[in-house]
Amino acid sequence: PLAVAFGKKFETIGFDIKKKRIKELLERNDATLELKPEELGLASKLTYTSDSDELSDCNIYIITVPTPLDMHKKPDLSILINASAIVGRLLNQDNIVIYESTVYPGATEEDCIPVLEKQSDLKYNENFYCGYSPERVNPGDKNHQITNIKKVTSGSNPKIANIIDNL
């Protein structure tokens, strides 16, 4: 839903490591049942890929991956860390990475940003910036969707916070 919302206004690339998911979306089929085929078709500036190399010219990356609980009921950040590594390999000067996955306070700076720095050889808040926008949609809730809820956002400095707020 977030990619579709952005894809109505901005050139947007929806990325997933699952080729089957990309194929379904290209066929206007959302297996999660969050979007109808006609809603997918309204995002005229949205393309899909499972090839991370196609993201190399992006300047804003929004990471929206699940953070399930492990068998001890602690957040399993492995998917988030893997997504951060993919984005980290693509980061360029002045890029912005926005985390939308639900995580505990401090996870972005303590767990994700070190991965971005290591993979990119760039320095946080000097060469690239981050933001956070906690996930506010409840899957399956057709009354409170991405286009009609209040989004809470933040940025790693006031300038980046303003950019993120204006997206």
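All figures in this text were calculated on a predicted structure; none of them were measured in a lab.

A. Spotlight on a nonpolar patch on the surface. Taken together, the side chains of Phe-10, Ile-60, Ile-62, Ile-163 and Leu-167 make up a nonpolar region of the molecular surface, amounting to roughly 330 Å² of accessible area. Counting through the fold element by element, Ile-60 comes out in strand β3 (residues 60-63).

B. Layout of the packing of helix α4 (residues 78-90) against helix α5 (residues 107-120). Where α4 meets α5, the axes come as close as 8 Å, and the angle between the chain directions of the two elements is 30°. Remark: the crossing between α4 and α5 carries right-handed chirality. Contact residues: Leu-80, Ile-81, Ser-84, Ala-85, Val-87, Gly-88 and Arg-89 in α4; Asp-111, Cys-112, Val-115, Leu-116, Gln-119 and Ser-120 in α5.

C. Representation of the pairing of strand β5 (residues 129-132). Pairing between strand β4 (residues 96-99) and β5: four bridges, direction parallel. Within β5, the position partnered with Ile-96 by the bridge is Tyr-129. Tracing the backbone out of β4, into α5 and back to the parallel element β5 gives a crossover that is right-handed.

D. View of the pattern of salt bridges. If you walk through the whole model with that rule in mind, you get five salt bridges. For the salt bridge of Lys-20 with Glu-24, the shortest nitrogen-to-oxygen distance reads 3.9 Å. Remark: Glu-24 and Lys-20 occur in helix α2 (residues 19-26); sequence separation between them is four residues, near one turn of the helix. Residue Lys-20 is classed as exposed on the basis of its relative accessible area, which comes to 62%.

E. Summary view of the packing of aromatic side chains. Taken as a whole, this structure holds two aromatic pairs when the rule is applied. Summarising the aromatic geometry, the rings of Phe-6 and Phe-10 are spaced 6.0 Å apart at their centres and angled 40° between planes, so their arrangement reads as tilted. Its relative accessible area of 33% is what places Phe-10 among the partly exposed residues.

F. Layout of helix α6 (residues 158-165). Ile-160, Ala-161 and Ile-164 are the residues of α6 that are buried. Along the axis of α6, the buried positions cluster into a sector of 105°, meaning they face one direction only. Away from its buried face by more than 90 degrees, α6 exposes Pro-158, Lys-159 and Asp-165. In the core, the buried residues of α6 are packed alongside β4, β5 and β6 (154-155).

G. Here's a closer look at the sheet that holds β3. Across the sheet, which stays open at both edges, the four strands sit in the order β3-β4-β5-β6 with mixed pairing between neighbours. With partners counted over all chains shown, the strands left at the sheet margins are β3 and β6, one partner each. Taken strand by strand, α5 contacts β4 and β5, and its axis lies near 145° from that of β4.

H. Looking closely at the environment of Ser-50. Tracing the sequence through the fold places Ser-50 in the loop between β2 (46-49) and β3. Excluding residues within four positions of it along the chain, Ser-50 makes contact with Phe-15, Asp-16, Ile-17, Lys-19 and Ile-22.

What counts and what doesn't
Residues numbered from 1 in each chain as written. Predicted model: local features only at pLDDT ≥ 70, side-chain atom pairs only at ≥ 80, totals over all residues. Heavy atoms only, no water. Patch = residues over 30% accessible without salt bridge, like charges linked within 9 Å, V, L, I, M, F, W, Y side chains within 5 Å. Areas by Shrake-Rupley, 256 points an atom, 1.4 Å probe, with all protein chains shown as cover. Salt bridge = Lys/Arg side-chain N within 4 Å of Asp/Glu carboxyl O. Helix = DSSP H or I, 4+ residues; strand = E, 2+ residues; numbered from the N terminus. Axes fitted to C-alpha atoms, helices over the stretch in contact; angles between N-to-C directions. Left-handed = near helix turned anticlockwise from the far one by under 90°. Contact = heavy atoms within 4.5 Å. Pairing = 2+ DSSP bridges. Right-handed = clockwise from strand over helix to strand, strands pointing away. Buried < 20%, exposed > 50% of the residue type's maximum accessible area, 1.4 Å probe, protein only. Phe/Tyr/Trp six-rings, centres within 6.5 Å; stacked < 30°, edge-to-face > 60°. Arc of directions from axis to C-beta.

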